[in-house]
There are 2 protein chains.
Amino acid sequence: MPKLEPYYRDLPYSYATGLFPATACIKACPERCQRLLLSSKLRMTEDVRTLIGACEAAGVRTEQADHVLERISRKENCFAAMVYEKAEGVFDDRLPQIILYNPSDTGNMGTILRTALGMDFRNIAIIRPAVDSDDPRTVRASMGAMFSLNVRHFDTFSRYLDEYDQVPMYPFMLDGSVPLAEACRTVGKEPFALVFGNEATGLPANFVHMGTSVRIPHNDEIDSLNLAVAAGIGIYAFAQAFKAEH
Amino acid sequence: MPKLEPYYRDLPYSYATGLFPATACIKACPERCQRLLLSSKLRMTEDVRTLIGACEAAGVRTEQADHVLERISRKENCFAAMVYEKAEGVFDDRLPQIILYNPSDTGNMGTILRTALGMDFRNIAIIRPAVDSDDPRTVRASMGAMFSLNVRHFDTFSRYLDEYDQVPMYPFMLDGSVPLAEACRTVGKEPFALVFGNEATGLPANFVHMGTSVRIPHNDEIDSLNLAVAAGIGIYAFAQAFKAEH
């Protein structure tokens, strides 16, 4: 087996660090799991037993690897990590989508993925340039949610439109034409896509005329909401509306 | 003037680092600003001129202080910081409250403060033990929102109740008795309090019977939502309901 490397973007594998993300990985994608790394300092709790049991059942090797864990986790303490193979997802066209356009923060991306899974938005389109969805920091912030999602990458937004120009689109913008509550009333039985822009620059101005652009009402004492918060509010509101139609 | 120290909790002053938080500080609380520290590497943009102008107008001294900036910002680049005096807020009893019960993450706290300001929840009660609301990381995550909020600290929840036992309370819990949309329909003209618990442990179980406990519906594929996201969803939904009554 080849020597494990500290993470970088072009590695074909990545690390789900922490007990919860590693367990999410083996449960959702056993076929992508390569090995489970454990620290000699890890205490044998019920959760650890569950994780090791799931690996045994799936034929995934478990090994003590203090040195590798230290190397991949930088400063933070890390007592367990799943080495997993990266893979591109496949969309389930019955479900709504979330489009992340040029996201630049691993924490925000992971947090959005966690919200998306909880609200049944399983199709995630990431438009490049974008922060790495397999960066261990993204995986950790998602609490492993990404392993239950269909995450796809597109080099440009045009590439996305080549496949999905028929999906009703709701771009979230500070100057969106319709307030959130009103936008939710336009949701029908058909799946749709919520679009969120970059942390600092938002979405390009021309998105205001694509589909129904949405604004989340807030006063002008703040510049904008945090991206993961804005996405959370939008996903919650649209999930409620979509559920009411089904 | 005494020598500025690296930040610690018992210091009577703190640092609003970054151009945006420093500007928010001088605009909202000029009387609490002590001095503005600037890096020699700072480029003179329009935003910088605005900040310096606001300091001059308020009689707040500006000084070049590369060494101090390096010391207080740890690894991160920091080109500007406002030294400000800490102060306890005073509640505006016409407005709703947010209660943060034992919050443990500076990033989440700052993000929640930013959402709260944007949605006109200006009264923030922090129940100890809690992460430091004046920690420069909290200030930064809030983008300086805290300077326009009324932030109060209580050593215990009983201390809070000594003053505010008449305020209708909505504790957010995984097993809350009422889903969010339904809870919002109980909002009237009177202000109320939304209560959010600790990142890892949530609220103590007995909160389920205090006021109307609220759950944000999500599937069981995630353990819980991120705290700042859950607070964002709750604040948005209640802000809409409160606005509709006024």
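Attention in this report is confined to the structure presented alongside it. All figures in this text were calculated on a predicted structure; none of them were measured in a lab.

### Focus on unusual backbone geometry
Residue and element names in this part refer to chain A.
Thinking step 1. The omega angle of the peptide bond from Arg 128 to Pro 129 is 0 degrees, so this bond is cis rather than trans.
Thinking step 2. Take Pro 129: it is sitting in the loop between β6 (123-127) and α5 (136-141).
Thinking step 3. Located in the positive-phi region is Met 143, a residue other than glycine, with phi close to 55 degrees.
Thinking step 4. For Met 143, a relative accessible area of 30% translates into the label partly exposed.

### Side note on the interface of chain B and chain A
Thinking step 1. Listed per partner, the contact involves 29 residues of chain B and 29 residues of chain A.
Thinking step 2. Both faces combined, the contact of chain B with chain A buries some 2,500 Å², and carbon together with sulfur accounts for 59% of it.
Thinking step 3. Applying the counting criterion to the chain B and chain A interface returns two salt bridges.
Thinking step 4. Across the salt bridge formed by B:Glu221 and A:Arg122, the nearest N and O atoms sit 2.5 Å from each other.
Thinking step 5. Taken together, chain B and chain A are joined by 12 residue pairs in polar contact (both at pLDDT 80 or more).

### Overview of the nonpolar core
Thinking step 1. Grouped together as the largest cluster of nonpolar side chains are 124 residues, with contacts concentrated most on A:Met82, A:Phe238, B:Met82 and B:Phe238.
Thinking step 2. Not counting residues within four places of it along the chain, the set of residues in contact with A:Phe238 comprises A:Phe121, A:Tyr170, A:Phe172, A:Leu180, A:Ala183, A:Cys184, A:Val187, A:Phe192, A:Leu194 and A:Val214.
Thinking step 3. Listed in part, the 17 residues of the second largest apolar core include B:Ile99, B:Val195, B:Leu203 and B:Phe207.

### Quick look at the sheet that holds strand β2 (residues 33-38) of chain B
Residues and elements named next belong to chain B.
Thinking step 1. With mixed pairing, four strands are arranged side by side in an open sheet as β1-β4-β2-β3. The two strands at the open ends of the sheet, each matched to only one other strand, are β1 (13-17) and β3 (61-64). Each strand of the sheet is rotated relative to its neighbour by a mean of 25 degrees, with strand direction disregarded.
Thinking step 2. Along the sheet, helix α1 (residues 19-28) makes contact with β1, β2 and β4 (80-85), crossing β4 at roughly 35 degrees.
Thinking step 3. Contacts from helix α2 (residues 46-58) reach β2, β3 and β4 within the one sheet, and its direction differs from that of β2 by about 150 degrees.

Reading the values: rules and limits
- Residues numbered from 1 in each chain as written.
- Chains lettered and ligands numbered in written order.
- Predicted model: local features only at pLDDT ≥ 70, side-chain atom pairs only at ≥ 80, totals over all residues.
- Heavy atoms only, no water.
- Helix = DSSP H or I, 4+ residues; strand = E, 2+ residues; numbered from the N terminus.
- Buried < 20%, exposed > 50% of the residue type's maximum accessible area, 1.4 Å probe, protein only.
- Contact = heavy atoms within 4.5 Å.
- Buried area = accessible area lost by both parts, 1.4 Å probe.
- Salt bridge = Lys/Arg side-chain N within 4 Å of Asp/Glu carboxyl O.
- Polar contact = N/O pair within 3.5 Å; in protein donor to acceptor, adjacent residues only side chain to side chain.
- Core = buried A, V, L, I, M, F, W, Y, C linked by side-chain atoms within 4.5 Å.
- Pairing = 2+ DSSP bridges.
- Axes fitted to C-alpha atoms, helices over the stretch in contact; angles between N-to-C directions.

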